[in-house]
Amino acid sequence: MSGDLQWLLLRKSNSFTVKRVPEGPVFSKEPGNLTNLHSWKYSGLANEKTIAVQDTESGIKIAYRKKGASPHAVRSSYSTLVVRPRSGGRRAAGVTAQLAKRGYRPDLRAAALARVSALIAAKREKKAAPPKKVRGKKAKTA
């Protein structure tokens, strides 16, 4: 079944759709959707080629569908890469650039990089706040 036909069937009634505000944007919780926006471009269900970014204990897992994989083979049709938290954003940029150079959905490069960078930033430990400096009369008396 073509991706266009799948989107026509999925766009109105979909269990992953999130409609919070009647006049606001429509979001989606489907796997493989990088921006969580309910649109055909970012849909993980309607597109054959998707990039899924997941946070795991070992690092950030980037999964993409292999070329020419059978639609019936689920696990074996995906190839995964793991970006360790210490390797940072440069490794993630290299992985997304490598996928884009191969012609694998270059339009998703920026969205995948933004998602990986946000996950890395969320995992990073916050610095302790420096002690407050005493100012004014208290500084003169001390």
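See the structure above.
Read on for an overview of the structure. Worth saying up front: this structure is predicted, and the values here are computed from it rather than measured. (Residues numbered from 1 in each chain as written. Predicted model: local features only at pLDDT ≥ 70, side-chain atom pairs only at ≥ 80, totals over all residues. Heavy atoms only, no water.)

The number of helices and strands found in the chain is 4 helices and 5 strands. Listed N to C, the secondary structure of the chain is α-β-β-β-β-β-α-α-α in terms of helices and strands. Taken over the C-alpha trace, the chain has a radius of gyration of 21 Å; the compact-globule value for 142 residues is 14 Å, which it surpasses by more than 25%. With respect to the three principal axes, the spread of C-alpha positions in the chain is 80 × 40 × 25 Å. Sequence-distant contacts in the chain: of pairs separated by 6 or more residues, those separated by 24 or more amount to 40%. Entry remark: accessible area of the chain is about 10500 Å², with carbon and sulfur atoms responsible for 55%. (Helix = DSSP H or I, 4+ residues; strand = E, 2+ residues; numbered from the N terminus. Rg over C-alpha atoms; globule rule 2.2 N^0.38 Å. Contact = heavy atoms within 4.5 Å. Areas by Shrake-Rupley, 256 points an atom, 1.4 Å probe, with all protein chains shown as cover.)

Further remarks concern the packing of aromatic side chains. Using the criterion set out here, one finds 1 aromatic pair in the structure. Residues Tyr 64 and Tyr 104 carry aromatic rings whose centres are separated by 5.4 Å and whose planes lie at 65° to one another, so their mutual orientation is edge-to-face. On the criterion of sequence distance, the pair formed by Tyr 64 in strand β4 (residues 60–65) and Tyr 104 in the loop between α2 (88–101) and α3 (109–123) is long-range, its members being 40 residues apart. Grouping residues by exposure puts Tyr 64 and Tyr 104 together as buried. Geometry around Tyr 78 places Arg 65 over its ring, the cationic atom sitting 5.5 Å from the centre. (Phe/Tyr/Trp six-rings, centres within 6.5 Å; stacked < 30°, edge-to-face > 60°. Buried < 20%, exposed > 50% of the residue type's maximum accessible area, 1.4 Å probe, protein only. Lys NZ or Arg CZ within 6 Å of the ring centre and 35° of its normal.)

Turning next to the nonpolar core. Across soluble globular proteins, you tend to see nonpolar side chains buried next to one another. Core analysis: the biggest nonpolar cluster contains 18 residues, and Leu 34, Ile 51, Val 53, Ile 60, Ile 62 and Val 116 have the highest contact counts within it. Sorting the residues of this core by element identifies β3 (51–55), β4, α2 and α3 as the ones contributing at least two each. With 5 residues, α3 is the single largest residue contributor to this core. (Core = buried A, V, L, I, M, F, W, Y, C linked by side-chain atoms within 4.5 Å.)

The subject of this paragraph is the sheet that holds strand β5 (residues 78–83). Taken together, the 3 strands give an open sheet; going across it, the order is β3-β4-β5, and neighbouring strands pair in antiparallel fashion. In this open sheet, the two strands that pair with only one neighbour each are β3 and β5. Each neighbouring strand pair of the sheet contributes to a mean axis angle of 20°, computed without reference to strand direction. Note: β3 against β4, 5 bridges, orientation antiparallel. Paired with Asp 55 across the two strands is Ile 60, which belongs to β4. The strands that α2 touches are β3, β4 and β5; relative to β5, the one it contacts most, it runs at about 155°. (Pairing = 2+ DSSP bridges. Axes fitted to C-alpha atoms, helices over the stretch in contact; angles between N-to-C directions.)

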